[in-house]
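Working through the structure, step by step
Chain by chain, the residues run as shown.
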Amino acid sequence: MMELKFCPVCAASLAYRADEQEASRLRLACPEGHWTHWDNPLPVLAALVEVEGHILLARNAAWPEKTFALITGFMERGETPEEGIARELKEETNLDADQVSLIGVYEFIKKNEVIIAYHVKASGSIQLSTELLEYRLVSPEKLRPWRAGTGYAMADWMRTQGLDPVFADWASS
């Protein structure tokens, strides 16, 4: 995230000030009142990708070995969440989104994000982008969700399939 130092309207040095509605909350703002950085959560899209009855989990290049999760990415201006997750899936795996259905919306406070999670039935040949190092295709009954944003989405989807989720714990890094 870019660190803001100056007001984008008048170039004055930004400073923290108490929010007018909620004095205990500090907001980075222009001292002249031209601009306020609200620091609202970003919408992140997540896909629980189903390929021929198996769930695709991928390992991001920045993650430790044996750490696999759902396909995720940010929405772009001018696209719907459904279009965005189809685009992300194509960019990261080369798969085509054939059916897209909402699983739910989940908080991820640690990263100041709101996750919009979808179940995506996909087809095609898997070819990972440079952002991803490897993938696994896992039978739905063998999934082990984690206790954070996309893991809760996985657990909710499993319940819709008549499966009782057994949570796994990720080691802190």
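Residues numbered from 1 in each chain as written. Predicted model: local features only at pLDDT ≥ 70, side-chain atom pairs only at ≥ 80, totals over all residues. Heavy atoms only, no water.

**A word on the overall build of the chain**
Helix and strand content of the chain: 2 helices and 9 strands. Listing each helix as α and each strand as β along the chain from the N terminus yields β-β-β-β-β-β-α-β-β-β-α. Principal-axis analysis of the C-alpha atoms places the extent of the chain at approximately 60 × 30 × 30 Å. Counting across all 173 residues of the chain, residues that qualify as buried make up 38%. Contacts in the chain between residues far apart in sequence, at least 24 positions, make up 53% of those at least 6 positions apart. As presented, the chain carries roughly 10700 Å² of accessible surface, and 50% of it is formed by carbon and sulfur atoms. Each charge class in the chain can be summarised by its mean position, and for the 17 positive and 26 negative side chains these summaries are 5 Å apart. (Helix = DSSP H or I, 4+ residues; strand = E, 2+ residues; numbered from the N terminus. Buried < 20%, exposed > 50% of the residue type's maximum accessible area, 1.4 Å probe, protein only. Contact = heavy atoms within 4.5 Å. Areas by Shrake-Rupley, 256 points an atom, 1.4 Å probe, with all protein chains shown as cover. Lys, Arg positive; Asp, Glu negative; His and termini not counted. Charge placed at Lys NZ, Arg CZ, Asp CG, Glu CD.)

**Digging into the nonpolar core**
With 16 residues, the main nonpolar core has Val-49, Leu-56, Ile-71, Leu-95, Val-120 and Ala-122 as its most contacted residues. For this core, the secondary structure elements donating two or more residues are strand S4 (42–51), strand S5 (54–60), helix H1 (81–93) and strand S8 (113–123). One finds Phe-68, Val-138, Trp-146 and Trp-157 within the second-largest nonpolar core, a separate group that totals 12 residues. (Core = buried A, V, L, I, M, F, W, Y, C linked by side-chain atoms within 4.5 Å.)

**Examining the side chain of Glu-92**
For Glu-92, the location among the structural elements is in helix H1. For the buried Glu-92, no salt bridge exists, and the shortest N-O distance to an oppositely charged side chain is 7.1 Å, to Arg-87. (Salt bridge = Lys/Arg side-chain N within 4 Å of Asp/Glu carboxyl O.)

**Considerations on the sheet that holds strand S1 (residues 15–18)**
Strand order in the open sheet formed by 3 strands is S1-S2-S3, with antiparallel pairing between adjacent strands. In the strand order of this sheet, the two ends are held by S1 and strand S3 (36–37), each with one partner. (Pairing = 2+ DSSP bridges.)

**Some remarks on the pattern of salt bridges**
The tally for this structure, following the rule as stated, stands at 8 salt bridges. Between Arg-59 and Glu-134 there is a salt bridge, with the nearest N and O atoms lying 2.8 Å from each other. Here Glu-134 lies in strand S9 (residues 132–138) and Arg-59 lies in strand S5, a separation of 75 residues in the sequence. Since its relative accessible area comes to 10%, Arg-59 is described here as buried. With relative accessibility at 31%, the residue Glu-134 sits in the partly exposed group. Notably, a salt bridge pairs Asp-96 with Lys-90, separated by 3.0 Å at the nearest N-O pair.

In short, shape yes, function no, at least from these values alone.
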